[in-house]
Amino acid sequence: MNDYVARVICNLQRQYPYEPEYLQAVQLWLELIGPAADDPQYEKLDLITRMVEPERLFAFPVSWVDDQGQVHTNHGYRVQFSSAIGPYKGGLRFHPGVNPSVVKFLGFEQTYKNALTGLPIGGAAGGADFDPHGKSSREIMRFCHNFMRALYRYIGADTDVPAGDIGVGAREIGYLYGEYKRLTGRAESSALTGKGLTYGGSQVRLEAAGFGTVYFLARMLECSGDSLEGKTIAASGFGNMTCGVCRKAAELGAKVVTLSGPDGYVYDPDGVCTEEKFQFLTGLRAGGQDKVEPYAQKFGAQFFPGRKPWEVPVDIAVPCATQNEVDVADAAKLLTNGTKYYIEASNMPSTPEAIRLMRMHPGLKMSLSRASGSGGVVLSALEMAQNSIRDNWTQEEMERRLQATMVKIYDQSAQAAAQYGLGDDLVAGSAIASFQKIAQAKLAQGV
Ligand code: 2IT
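This structure is a prediction, so every number in the text was calculated from the model and none was measured.

Draft legend 1. Structural detail: the pattern of salt bridges. Evaluation of the coordinates by the stated rule reveals 32 salt bridges. One salt bridge in this structure joins Arg 356 and Glu 31, with 2.8 Å as the shortest N-O distance. Residue Arg 356 is found in helix H13 (residues 352-359), and its partner Glu 31 is found in helix H2 (residues 20-33); the two are separated by 325 residues along the sequence. Residue class for Glu 31 comes out partly exposed when judged on its relative accessible area of 34%. A salt bridge links Arg 205 to Glu 383, with the shortest nitrogen-to-oxygen separation between them at 3.7 Å. Here the residue Arg 205 occupies a position in the loop between helix H7 (170-184) and helix H8 (208-223), and Glu 383 occupies one in helix H15 (residues 375-388), the gap between them amounting to 178 residues. Assessed through its relative accessible area of 22%, Arg 205 is described here as partly exposed.

Draft legend 2. Expanded view of the sheet that holds strand S8 (residues 264-267). Across the sheet, 7 strands lie side by side as S9-S8-S7-S6-S10-S11-S12; this open sheet has mixed pairing. Two strands bound the open sheet, and with one partner strand each, they are strand S9 (302-305) and strand S12 (365-367). For this sheet, the mean angle separating the axes of adjacent strands, direction not counted, is 15 degrees. Bridge analysis of S8 against S9 gives 4 bridges, and the strand direction is antiparallel. Bridging across to S9, Val 266 finds its partner in Phe 303.

Draft legend 3. Seen up close, the site of the ligand. In the vicinity of the ligand, the contacting residues are Lys 89, Gly 90, Gly 91, Gln 110, Lys 113, Ala 163, Gly 164, Asp 165, Asn 347, Gly 376, Val 377 and Ser 380. For the ligand, a nitrogen atom lies 3.1 Å from a polar atom in the backbone of Gly 164. The separation between an oxygen atom of the ligand and a polar side-chain atom of Asn 347 is 2.9 Å. Protein coverage of the free-state accessible area of the ligand, which is 290 Å², stands at 92%. Elements that contribute at least two residues to the shell around the ligand include exactly strand S3 (88-94), helix H5 (100-116) and H15. Its residues placed into classes, the shell around the ligand shows 2 nonpolar, 7 polar and 3 charged.

Draft legend 4. Spatial organisation of the layout of surface pockets. Of the voids in this model, the second largest pocket is the one considered here, and its volume is about 300 Å³. Around the second largest pocket sit 17 residues that line it, and Leu 364, Lys 365, Asp 424, Asp 425 and Leu 426 are the ones nearest its centre. For the lining of the second largest pocket, the elements supplying multiple residues, two or more each, are H8, H13, S12, helix H16 (395-419) and helix H17 (426-445). Classifying every residue of the lining of the second largest pocket gives 10 nonpolar, 3 polar and 4 charged.

Draft legend 5. Region of the structure containing the nonpolar core. Counting 120 residues, the largest nonpolar core has Trp 29, Leu 30, Ile 48, Val 52, Ile 233, Tyr 295 and Phe 435 as the members making the most contacts within it. Excluding residues within four positions of it along the chain, Phe 435 makes contact with Trp 29, Ile 33, Ala 36, Ala 37, Tyr 42, Ile 48, Met 51 and Tyr 112. Counting 23 residues, the second-largest nonpolar core is a separate cluster that includes Trp 64, Met 148, Ile 173 and Leu 192.

Draft legend 6. Examining the pairing of strand S1 (residues 56-65) more closely. Note: S1 against strand S2 (residues 71-82), 10 bridges, orientation antiparallel. Within S2, the position partnered with Val 62 by the bridge is Asn 74. Between the end of S1 and the start of S2, which pair antiparallel, lie 5 residues, with Gly 69 showing a positive phi angle near 90 degrees.

Conventions and cut-offs
Residues numbered from 1 in each chain as written. Predicted model: local features only at pLDDT ≥ 70, side-chain atom pairs only at ≥ 80, totals over all residues. Heavy atoms only, no water. Salt bridge = Lys/Arg side-chain N within 4 Å of Asp/Glu carboxyl O. Helix = DSSP H or I, 4+ residues; strand = E, 2+ residues; numbered from the N terminus. Buried < 20%, exposed > 50% of the residue type's maximum accessible area, 1.4 Å probe, protein only. Pairing = 2+ DSSP bridges. Axes fitted to C-alpha atoms, helices over the stretch in contact; angles between N-to-C directions. Near = heavy atom within 4 Å. Polar contact = N/O pair within 3.5 Å; in protein donor to acceptor, adjacent residues only side chain to side chain. Areas by Shrake-Rupley, 256 points an atom, 1.4 Å probe, with all protein chains shown as cover. Nonpolar A, V, L, I, M, F, W, Y, C, P; charged D, E, K, R; others polar. 1 Å grid on protein atoms, 1.4 Å probe; cavity = no way out; pocket = protein on both sides within 12 Å on 5 of 7 lines; lining within 4 Å. Points joined across faces, edges and corners; volume = space filled by probe spheres on them. Core = buried A, V, L, I, M, F, W, Y, C linked by side-chain atoms within 4.5 Å. Contact = heavy atoms within 4.5 Å.

Here it is in structure tokens:
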């Protein structure tokens, strides 16, 4: 890391001392781009600062009325991080842990994830510290409507295109889009993605994030002279992303043997690979209890309360839950158990220490979420493309395009690693490829 980059980090730490997730994401990325940032003109143009700070940040209260007539006030945010290569694009998260640090880290990650897709989308993120668990549908609707009242003037098909994330699925996007349409008087379908199929949404939406990760993994295995056939996978979470991983892995001959929730993890040696199990997971998630134990009871699998799935010996680990769920002790267990592939699906699931430890092990091939976790946003960009030509693509067409894009993301990351003499270090390769893409666009557009 050169002096200029080190100074950028110090300035950020001074400016944002209470934003640990954001600082963590930026610092790790700067560490990874290493030699690619070593160009004297970058300091002259202060390019790195301009690439790691958001262009704009909105913070707004969202008051709403519950079913008993009580008024509550939550905190809403939208970070418009980078428009260097297209309109701001990224998810909305409704979760009690949402705060300015979390939305800024998500916006930062989204910017570099989106750049790597090769599609013309900038980066953004947002959400609220609203907890959808235990809320009625009417309460969720009122919250979404009031959230959109605060946001509608700042988004749009060519400005900023929100989508879902944790706590925001098709139901919430429906309410948000309905209110956007009412307020603007425009049926501007690509102002939001993740819409329902009847009003501009796309096939494969629910499975896209998980499918994308498995397509990426399959390409990585292919390029390593290996295949998914007969492999065991430890996954975390039990929502759409995890379910998508289970489905696609099963289709390609591998089996996912763990699921997890805030209550602990499930070990199912037979694999989460039947339609009955997928349907059960969908029902469990919709039930809103945020507990995975009922799966173990239903299918006679083992349940380990309060523990994480990374202690189970498997060939491949795929974290799909939330930030920092894999710490250095978990990483050590994965390495001791001889895990061969570590593929992130959700945003920043591993702590920087865990990443540093795993990168030191040549026997482990790994990828961070900005590369292997982009299935969701790739499908969002396809939904925008489909909307702009007033068409509806088939399931096969969507899957074909999603797969082709995930393969391209892998190949670009591998090429960038090779270009800098980093062997098959995909973690550095994907950071460098995304850096180069945004740097070139920023340089071309001037200060
Ligand atoms: O983390 C992510 O990539 C998302 N939540 C999806 C964002 C999007 O705009 O589809």
